[in-house]
Amino acid sequence: MTTSPPDVIRCAYAELVVTDLPASRDFYVGVLGLVVTYEDDEALYLRAFEEYLHHSLVLRKGDLPALAVLAYRVRSAADLDLAEAYYGELGVRVERRAAGATRGIGEAVRVEDPLGFPVEFFHEAEHVERFTQRYDVHGAGALARLDHFNLDTPDVPAARKYYEGLGFRVSEDIQDDEGTVYAAWMFRKPTVHDVALTGGDGPRLHHIAFASHERHQILHICDHLGALRKSGMIERGPGRHGVSNAFYLYLRDPDGHRIELYTHDYYTGDPDNPVITWDVHDNQRRDWWGNPVVPSWYSEASTVLDLDGKPQPLIARSEAHEADVTIGADGFSYTTRQQKEFKLGEQV
Ligand SMILES: O=S(=O)(O)c1ccc(O)c(O)c1
Ligand SMILES: [Ca+2]
Ligand SMILES: [Fe+2]
């Protein structure tokens, strides 16, 4: 590459296609408590309480549940020209979008990246009220901000190299002793990740995650779903991750899109931040208490659209799938107590 990459600050918003806007509003606003910046019959523009840009999530009505775009904020308007040149040199499809092409977002560059994902780079965006201290509207399950995207992609080392080209650094990854890489977490903002690469058939969106400040907010959302008799929307957790150390919960929205609620990972901002590599057979890597990862978490993910709104064809992962290597939902693995012996986990 001769051109410099755009200076990415952080993951900034995602646009999901949903089939039933009122049902989605009941979940994202009624249960998750996200703030409606703007809504009409076609779309909902939502933000979490600490966010002052127009939105961090767009839900657009459509026939096929899918990811329409992942957006990263760049440091300056000049980075849009860098993005256009960088992706032009990569030989992928590049579109320049005028300010307002997406409500609340300024001029942008939208690409089909080398991994097959629709990705947008923007700098300008409309500022709206920041609800950081609007405790009068927070509610018990208040979410603070968008934290990361998690992407299913067949070749994790290739995806890692592509994101390193964009200036992302690895904070943690999962490997085996033959060097197969099952997942990697990469960041621009000084937390564990803005993007995670999960080895699997792709391109697919595995999840998007919102961060809360405290575990009790995540637990309240579990209780709230119970009160609505919608506890079935809980797919995995609540629990404590090994990777990232975050307390987590995974929900499936009315269309099956996976949303993670996440709190308390750690600071990664120094240049010598140590990389943590986990053994795929360590059953505390994905859940610090060793709870099994439910099979659907390994196998299911959202369709991804190209820039014409058409589903991207999938490329099958050729390396081993983590779910197989750990024999079902983490069925056989070891804990530090039983070094190298296998602990028979619960089969779910
Ligand atoms: O399950 S893992 O501990 O590997 C994990 C860590 C951080 C995440 O954001 C995640 O989705 C999954
Ligand atoms: Ca705390
Ligand atoms: Fe996550």
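No experiment lies behind these values; they were computed from the predicted model shown. (Residues numbered from 1 in each chain as written. Chains lettered and ligands numbered in written order. Predicted model: local features only at pLDDT ≥ 70, side-chain atom pairs only at ≥ 80, totals over all residues. Heavy atoms only, no water.)

**Student:** Would you mind going over the coordination of the calcium ion (ligand 2) with me for this structure?
**Tutor:** Around a metal, the ideal angle is 109.5 degrees if four donors adopt a tetrahedral arrangement and 90 or 180 degrees if six donors adopt an octahedral arrangement. The calcium ion (ligand 2) binds to the protein through Glu214 (OE), Glu214 (OE) and His264 (NE2); the donor distances cover 2.4 to 3.0 Å. Residue Glu214 is located in the loop between β13 (204-211) and α5 (215-227), and its partner His264 is located in the loop between β16 (258-263) and β17 (276-279); the two are separated by 50 residues in the primary sequence. (Donors = N, O, S within 2.8 Å, 3.2 Å for Na, K, Ca; no water. Helix = DSSP H or I, 4+ residues; strand = E, 2+ residues; numbered from the N terminus.)

**Student:** What exactly am I supposed to notice about the UniProt feature "domain: VOC" (unreviewed entry) in the protein here?
**Tutor:** Within the UniProt annotation, "domain: VOC" (unreviewed entry) is assigned to residues 10-124 and 145-264. Across residues 10-124 one finds 21% helix and 41% strand; the C-alpha atoms that close the span lie 14 Å apart. Spanning residues 145-264, this segment combines 19% helix with 46% strand, and its end C-alpha atoms are found 13 Å apart. (UniProt positions renumbered as here; feature names shortened; annotations may be inferred.)

**Student:** Would you mind showing me how to read the confidence of the model for the protein here?
**Tutor:** Predicted coordinates in areas of low pLDDT are best not read in detail. Confidence in the prediction for the protein averages 94 pLDDT; 94% of positions are at 70 or higher. Note that pLDDT drops below 50 for residues 342-348; the model gives that stretch 21 contacts with residues more than four away or on any other chain. For this predicted complex, the interface score ipTM comes out at 0.95, while the overall pTM is 0.95. (pLDDT = per-residue confidence, 0-100. Contact = heavy atoms within 4.5 Å.)

**Student:** I would appreciate a short explanation of the coordination of the iron ion (ligand 3) in the present structure.
**Tutor:** Distances from the iron ion (ligand 3) to its protein donors, His148 (NE2), His207 (NE2) and Glu260 (OE), fall within 1.9 to 2.1 Å. In terms of primary sequence, the donors binding the iron ion (ligand 3) are separated according to H-x58-H-x52-E. Of the two residues, His207 sits in strand β13 while Glu260 sits in strand β16, which places them 53 residues apart along the sequence. The pair formed by His207 and Glu260 is uniform in burial state, with each residue classed as buried. (Buried < 20%, exposed > 50% of the residue type's maximum accessible area, 1.4 Å probe, protein only.)

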